[in-house]
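So you can see what is in the structure, the chains are spelled out below.
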2 protein chains.
Amino acid sequence: MKPYTEMTREELAEEIKTLRAEYTRYQNMGLELNMMRGKPCKEQLDLSMGMMDALSSTADLTCEDGTDCRNYGVLGGIREARVLIGDMMENNPDDILIFGNSSLNVMFDTVSRAYTHGIMGNTPWCRLDKVRWLCPVPGYDRHFKITEYFGIEMIPVPTSETGPDMDMIERLVSEDPAIKGIWCVPKYSNPTGYSYSDETVRRFARLKPAAPDFRIFWDNAYGMHHLYDDKQDYLIEILAECKRAGNPDLVYKFASTSKITFPGSGIAAMATSPNNMEDIKSTLRYQTIGHDKVNQLRHVRFFKDIHGMTEHMRKHANILRPKFEAVEQILEENLGGLNIGSWTKPRGGYFISFDTMTGCAKEVVARCKKAGVQMTAAGATWPYGKDPYDTNIRIAPSYPPIDDLKKATKLFTLCVRLVSAEHLYAQSEKSAEKAEASAE
Amino acid sequence: MKPYTEMTREELAEEIKTLRAEYTRYQNMGLELNMMRGKPCKEQLDLSMGMMDALSSTADLTCEDGTDCRNYGVLGGIREARVLIGDMMENNPDDILIFGNSSLNVMFDTVSRAYTHGIMGNTPWCRLDKVRWLCPVPGYDRHFKITEYFGIEMIPVPTSETGPDMDMIERLVSEDPAIKGIWCVPKYSNPTGYSYSDETVRRFARLKPAAPDFRIFWDNAYGMHHLYDDKQDYLIEILAECKRAGNPDLVYKFASTSKITFPGSGIAAMATSPNNMEDIKSTLRYQTIGHDKVNQLRHVRFFKDIHGMTEHMRKHANILRPKFEAVEQILEENLGGLNIGSWTKPRGGYFISFDTMTGCAKEVVARCKKAGVQMTAAGATWPYGKDPYDTNIRIAPSYPPIDDLKKATKLFTLCVRLVSAEHLYAQSEKSAEKAEASAE
């Protein structure tokens, strides 16, 4: 088919007519599908049911070092869990702190701690007139909500396939001491699915922030989440790179097993420098006596080691890969060459990022909803939920069964076509009016 | 034996000689015993091993309402857990919020939230010049550490067998809008083991605080922790009483299963009014997607209902009761009638509170330590760790095996006698010197 951008008004009118009929057909199907959130599907959850047998009533819940996991204590997490999660995060077990069930909660608490008490002796952020934050866009809405909640001014930073605009980041953090942090999802990023290039990571590790309490919030949520065995992204390990660059305290690195075992019942962790860890523990000991060690042990006994976890992730990939490929195929078939949208082709993670023509994303999502398919709200991938170009939509292929997913994606492409055609038609109408007006 | 307070100098000297010889004998035994913390013992932990089989790999982890516990979501906790914990806390399931593994963490976060964002639209405490807090003494050190961490000025309030001094509390909270809260352990209190009287609870519910954001932090940690079947303390339910008194938003009530199943792997909860709950959820949704629902379900399937939990608590009582009775018997045998110490005789909870003569507690704890028995630091039961009278010592009988416990308690009574005798001898020496000086 001809690119929509090259169609005449009459051709567009004809196309709109066809698309509207098709849309009505979808509406009459009574769909109720959800592509909103990066939730694992039932088959993925089934993969971890063995965890429920990893500890039985006759099991010995004692750690290698003699700690009884059933009782109070061990603030930073049991040794064998720090070893497993260390291997998962590519960090030394001594640099790992194990928390509760949610890395988001750890990030929230980390911002909250800086807000109430400051980082490593610096002024608490609640005592400052202004705190600013860098937000690579498109990004993760729940990150942005945390900084918004603490009244932190968010500055969007554009990203490309290699990561965020490092020229802009280097300039801003070195000039402005009010900039205290940046949200990063460096691998199989939310929502683009792309990973930071080696140069990007190297430049992050070499930042020279004006603020001594500037920290990179490095949310490596998808470190193990490859879709392919042969085509995998590798990331330079940021803590080690920071150490080599003489910037050891620059990073808080987060991860969890939420999308490895059970979301909400996994274990979350932070990897960071000894100085940062000391600083965090000095608060943590007032906040809790310790996190859930039985669940830590359950994870260790279930996976045994990082090889066990890697094999487990292949099973996730086997479920997710066909879904990603189905979405990409439908996008290509229905939108390829029409010049009305572009999308990412990630090798891992949970999302595909879609860009409509300027000013069409909200309307596309609204049309999907009216026909029974829930998408992430347009704008969600930007700070304050406001995409100034109204183009970005996050597609989450993981949750629906594949047949539903195909239906939903077809409807999505239909909505993109319809809204784009209407948009172009309206534009051409305006030009025509202008032309008439100037002819009169 | 004669009360020490009635002994002559010569009798005291003789007694000290005997006690020192006995103390040396203990030192040579090489004891390594711990009565510091309220930790359940191994036999108590064994009671909950059935929990490990409550969910198996073939179990259906779906809630009654169809929620898959293995996936994201359900901010306030699954319905059946709110029913069980509601029965445990004597509250409506709709007034229950289930959190993670630690009620201490919930209390910390509750103070932190008030500090950063304020309670129900009131000024965040970090923007106030002064925040004050009432601390019934003796009390729980970890409570005091939270308020100390947030720079809140703590005011000690004396307690008796019926609870804290309500005259003082009523006067202070109605006069001073800087007073924002009070720590309460209303039932089998930490460390006295006594429960608030009906009058005390009634007066709490009728407080008229000058500060609209004053809250009672009602830590009902030991609600189910009776030592006896027949002699149990009953407490007026505070939320209901506040509602009847027209003060529905006055209380945050906390509890957990830490000392019911596994400390660190239980579930924590808050019960509070709809207004407070709305206020809390408005933060909580930025902090987490949800807490560990699988563990919530595990608890529900293990206990089935509140009767199951009650029967389970009888097993705990059967282990703890002999320990409490052994301690009390040794205290009575070795210190009864000597006029050098007094102690509580609780019907539940985890502690016995001991008061030495003024100025002796630190030295008693130090002597115990030198002979291999760790006690909670003297002073810990007061804000800032400073007991102005140096009298209070918390005894935690739960953790050591009973033979060790008996040994440790005997040593403790020996130390009380030795330190008291030395103290009285020193006093009489001073009086003698004075008498001599005035005779010259």
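Residues numbered from 1 in each chain as written. Chains lettered and ligands numbered in written order. Predicted model: local features only at pLDDT ≥ 70, side-chain atom pairs only at ≥ 80, totals over all residues. Heavy atoms only, no water.

**As for the packing of aromatic side chains**
Right, so step 1: Within this structure, the stated rule accounts for 40 aromatic pairs over all chains.
Right, so step 2: Each ring, one from F108 of chain B and one from Y149 of chain B, has its centre 5.6 Å from the other, and the planes form 35 degrees; the classification is tilted. Placement of the pair is F108 of chain B in helix α4 (residues 103-117) and Y149 of chain B in helix α5 (residues 141-149), with a sequence separation of 41 residues.
Right, so step 3: By relative accessible area, which is 5% here, F108 of chain B ends up buried.
Right, so step 4: Grouping aromatic residues by their ring pairs yields a cluster made of W125, W133, W183, F217, Y252 and F254 of chain A.
Right, so step 5: Stacked on the ring of Y228 of chain A, the Lys or Arg K231 of chain A has its end atom at 4.2 Å from the ring centre. (Phe/Tyr/Trp six-rings, centres within 6.5 Å; stacked < 30°, edge-to-face > 60°. Helix = DSSP H or I, 4+ residues; strand = E, 2+ residues; numbered from the N terminus. Buried < 20%, exposed > 50% of the residue type's maximum accessible area, 1.4 Å probe, protein only. Lys NZ or Arg CZ within 6 Å of the ring centre and 35° of its normal.)

**What to know about helix α3 (residues 79-89) of chain A**
Residues and elements named next belong to chain A.
Right, so step 1: Taken across its eleven residues, α3 has eight buried, putting it largely inside the fold.
Right, so step 2: The complete set of buried residues in α3 reads E80, A81, R82, L84, I85, G86, M88 and M89.
Right, so step 3: Immediately downstream of α3, the backbone of E90 shows phi near 65 degrees, a positive value.

**Quick notes on the interface of chain A and chain B**
Right, so step 1: Chain A puts 59 residues into the contact, and the matching count from chain B is 59 residues.
Right, so step 2: Sorting the residues of chain A by area buried against chain B places R70, Y72 and Y286 of chain A first, and these three jointly supply 16% of that buried surface.
Right, so step 3: The tally of links from chain A across to chain B stands at two salt bridges.
Right, so step 4: In this structure, the salt-bridge partner of R70 of chain B is D46 of chain A, at a minimum N-O distance of 2.7 Å.
Right, so step 5: Connecting chain A to chain B are 26 residue pairs in polar contact (both at pLDDT 80 or more).
Right, so step 6: Breaking the side of chain A that touches chain B down by element, the ones donating at least two residues are α2 (42-46), α4 (103-117), α5 (141-149), α9 (274-287) and α10 (293-303) of chain A.
Right, so step 7: Examining the composition of the side of chain A that touches chain B, we find that nine residues originate from one element, α4 of chain A, more than from any other.
Right, so step 8: Partitioned by chemical class, the residues of the side of chain A that touches chain B number 23 nonpolar, 20 polar and 16 charged. (Contact = heavy atoms within 4.5 Å. Buried area = accessible area lost by both parts, 1.4 Å probe. Salt bridge = Lys/Arg side-chain N within 4 Å of Asp/Glu carboxyl O. Polar contact = N/O pair within 3.5 Å; in protein donor to acceptor, adjacent residues only side chain to side chain. Nonpolar A, V, L, I, M, F, W, Y, C, P; charged D, E, K, R; others polar.)

**Notes on the sheet that holds strand β11 (residues 352-356) of chain A**
Residues and elements named next belong to chain A.
Right, so step 1: With respect to topology, three strands assemble into an open sheet ordered β10-β11-β13, the strand pairing being antiparallel. Sheet topology places β10 (341-343) and β13 (392-395) at the edges, where each strand pairs with a single neighbour. Strand-to-strand twist of the sheet, defined as the mean angle between neighbouring strand axes without regard to direction, takes the value 25 degrees.
Right, so step 2: In the sheet, β10 pairs with β11 via three bridges, with the strands oriented antiparallel. (Pairing = 2+ DSSP bridges. Axes fitted to C-alpha atoms, helices over the stretch in contact; angles between N-to-C directions.)

**Overview of unusual backbone geometry**
Residues and elements named next belong to chain A.
Right, so step 1: Each neighbour pair has its own omega, and for V137 with P138 the value is -5 degrees, a cis peptide bond.
Right, so step 2: A cis amide bond links N190 with the next residue in sequence, P191, at an omega value of 10 degrees.
Right, so step 3: Its location among the elements puts P191 in the loop between β6 (179-184) and α7 (198-205).
Right, so step 4: With phi around 65 degrees, K304 is a residue other than glycine that occupies positive phi space.

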